[in-house]
Amino acid sequence: MWAFQTPQTFQNHISLPKKQFSCRVPPISKLQQQTSVIYANSNHLIQSLCKKGDLKQALQLLSHEPNPTQQTYELLILSSAQINSLSDARIVHSNLINDGFDDDPFLATKLINMYSELDAIDEARHVFDKTRKKTIYVWNAIFRALTLAGLGIESLNLYRWMNNNGGPSDRFTYTYVLKACVATESLVSLLQKGKEIHCQILRNGFESHVHIMTTLVDMYARFGWVSYARFVFDKMPVKNVVSWSAMIACFAKNGSPFESLELFRDMMKDTRDSFPNSVTMVSVLQACAALAAVEQGRLIHGYILRRGLDSILPVTSALLIMYARCGDLKLAQRIFDQMEKRDVISWNSLISSYGIHGFGKKAIHIFNNMISLGISPSPISFVSVLGACSHEGLVEEGRSLFNSMVKEHRIFPTVEHYACMVDLLGRANQLEEAEKIIQDMRIEPGPKVWGSLLGSCRIHCDVELGEKASFKLFELEPTNAGNYVLLADIYAEAKMWDEVKRVKKLLEARGLKKVPGRSWIEVRRKIYSFVSVDEFNPHIEQLHALLLKLSTEMKEKGYIPETKVVLYDLDVEEKERIVLGHSEKLAVAFGLINSSKGETIRITKNLRLCEDCHSVTKFISKFTSREILVRDVNRFHHFRDGVCSCGDYW
């Protein structure tokens, strides 16, 4: 159960000046010459100046207005937020207190919202703490402010305090506190609180409110609880475009791209009065990208053009990524070139696109070009360009870019950046330096960094360092079966079969299962899925017959099966039978049978491409004169004439 504490009253974080002449803005000389009649009631003029954005003159008039109204202060507060002036906001606040409005709940709500927009959350909390008459609007304002500031735990503490003291909740309250559950990095600890709020929503009869239930879908989606999100979605009596978009995004971002596209089709059938918006289309394009479903993506692209959504920057960036991840890098570049406006996200999309295709030098060139045009790189820019260096083995270039983060751009490395550096050095077999980077980190390495090191140890069969990394990961991610499998792979390659058995027993004891290899291929706008050793696939006999025939021919040309990935101490023939049934080989065989001669075969795989699948695909591309594109969990592999674009470096 999630533990709550009664919130402490905040100390006075700001020094609000008392009402005296020095805190008033001195009136300008022209105003001094006016008669007192003009100042008899200048509320209307102050309000008019606020609406025109002339806050300075409005404040000058305020110093002569003896009876400012609630509406006057409302407009002064809104104007302070609009011109983004914290100093003026404090002057307005000071005058408001001195004029006796300090316990007005309506203005307290406006003040909290103002300080929230000005990123002054301590002062927003101060207003809340000093407000004696806390209406539901005041409560909702502070919930919203704290959530937007990323202080989800503090927001939930206040919510618990409100409930314990008999405070009511409305539809806005539930929306804000649900968002608070995912407004902090400690997501796992707040899932239970989210479930409790879900129960309160049902008990209090708010399950028919579409905005609350949509926020609930989004909350479960961010925790990765897809089945819970789908249950809530299916039970919604009324759904709008935002609801459909939230569920489509839930599937797309949680490893269920096929379900995302299916739901989009359902949406198109069921919603005749409303149309998908730009948010919907971004998620659908992400699903197409995840499956390398280029034909589906082209259909979606056509719909985007017909609906006039192609001018929206996030949609255009998603289109760029979709084509790049479907293997059409030229079209991705063309979309970028035709963009009328480009932000740092657009540039990052292009940099990462070249990176996953293995063109590290080109990615660095684009990164430098972006900077030369005056666009400051973001932390994601460095993740993209460092990842590109890793895929091409550009160690020196990557090291230089990493060092430039703080020196030239004042961007301090996060866990993601360290993970990229460890991956870059580890792949290049500079494991000692990779380990030293981890030792010198000023922040906790976390699973991403140790995972990068373990993956590198798997590539280079470093048993000692692999054990060190895996033991750390067992502590950090005790339920991640992939870490156990990687350690077992290292032991298997080192022929340490007793250790392999020990790791497998550990997996069984903890109730964990290896994620099965799965591959997807799109043929005639239909997506087909294959799993390793897929005995229930209706095409399995035909596919195995073709693979066996190709394997026999390849062996005559020098092919030797790579069976080290089989974590069983079996005879050679049995190991060969197992690797021949890998999902990527089944997808390639299906593509050869069901596509036209000369047509490019595009495949997506959920795991890293194993050495044998890589070797077999090179042979097949040569023997069949076909271009085969395979995107594994890390990068693209372009197979043509028996050669892979990765240069056997992956």
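Before any of the text, the structure's been laid out above.
Notes on the structure follow.

Reading the values: the criteria
Residues numbered from 1 in each chain as written. Predicted model: local features only at pLDDT ≥ 70, side-chain atom pairs only at ≥ 80, totals over all residues. Heavy atoms only, no water. Pairing = 2+ DSSP bridges. Helix = DSSP H or I, 4+ residues; strand = E, 2+ residues; numbered from the N terminus. Contact = heavy atoms within 4.5 Å. Axes fitted to C-alpha atoms, helices over the stretch in contact; angles between N-to-C directions. Disulfide = S-S within 2.5 Å. Core = buried A, V, L, I, M, F, W, Y, C linked by side-chain atoms within 4.5 Å. Buried < 20%, exposed > 50% of the residue type's maximum accessible area, 1.4 Å probe, protein only. Parallel < 35°, antiparallel > 145°, perpendicular 65-115°, else oblique. Left-handed = near helix turned anticlockwise from the far one by under 90°. Nonpolar A, V, L, I, M, F, W, Y, C, P; charged D, E, K, R; others polar.

A word on the sheet that holds strand E5 (residues 636-640). For sheets, the rule is that strands pair by backbone hydrogen bonds, running either parallel or antiparallel. The sheet built from six strands is open, its strands ordered E2-E1-E3-E4-E5-E6 with mixed pairing. Either end of the sheet is taken by a strand with one partner, and the two such strands are strand E2 (526-531) and strand E6 (643-644). Bridge analysis of strand E3 (residues 601-605) against strand E4 (residues 628-631) gives four bridges, and the strand direction is parallel. For Thr-604, the partnering residue across the bridge sits in E4 and is Arg-631. In this fold helix H16 (residues 278-291) packs onto strand E1 (518-523), E2, E3 and E4, with an angle of close to 115° to the strand it touches most, E4.

Moving on: the state of the cysteines. This model, assessed by the stated rule, comprises zero disulfides. No disulfide involves Cys-644; its sulfur sits 3.4 Å from that of Cys-646, the nearest cysteine.

On to the nonpolar core, then. In terms of nonpolar packing, the biggest core is built from 164 residues, with Leu-76, Ile-112, Phe-143, Ile-197, Met-247 and Leu-453 touching the most fellow members. For this core, the element with the most residues is helix H12 (residues 210-223), which contributes nine residues. Once you skip the residues sitting within four places of it in the chain, Ile-112 turns out to touch Ala-124, Val-127, Phe-128, Val-138, Ala-141, Ile-142 and Ala-145. Counting 32 residues, the second-largest nonpolar core is a separate cluster that includes Leu-580, Cys-613, Cys-644 and Trp-650.

Here helix H13 (residues 226-235) crosses helix H14 (residues 241-253) at 160°, and the two axes come no closer than 10 Å. By the angle class used here, H13 and H14 are roughly antiparallel. Relative to H14, the crossing made by H13 is left-handed. Here Val-226, Ala-229, Arg-230 and Phe-233 of H13 come into contact with H14, specifically with Ser-243, Trp-244, Met-247, Cys-250 and Phe-251. Grouping the constituent residues of the contact of H13 with H14 by class yields seven nonpolar, one polar and one charged.

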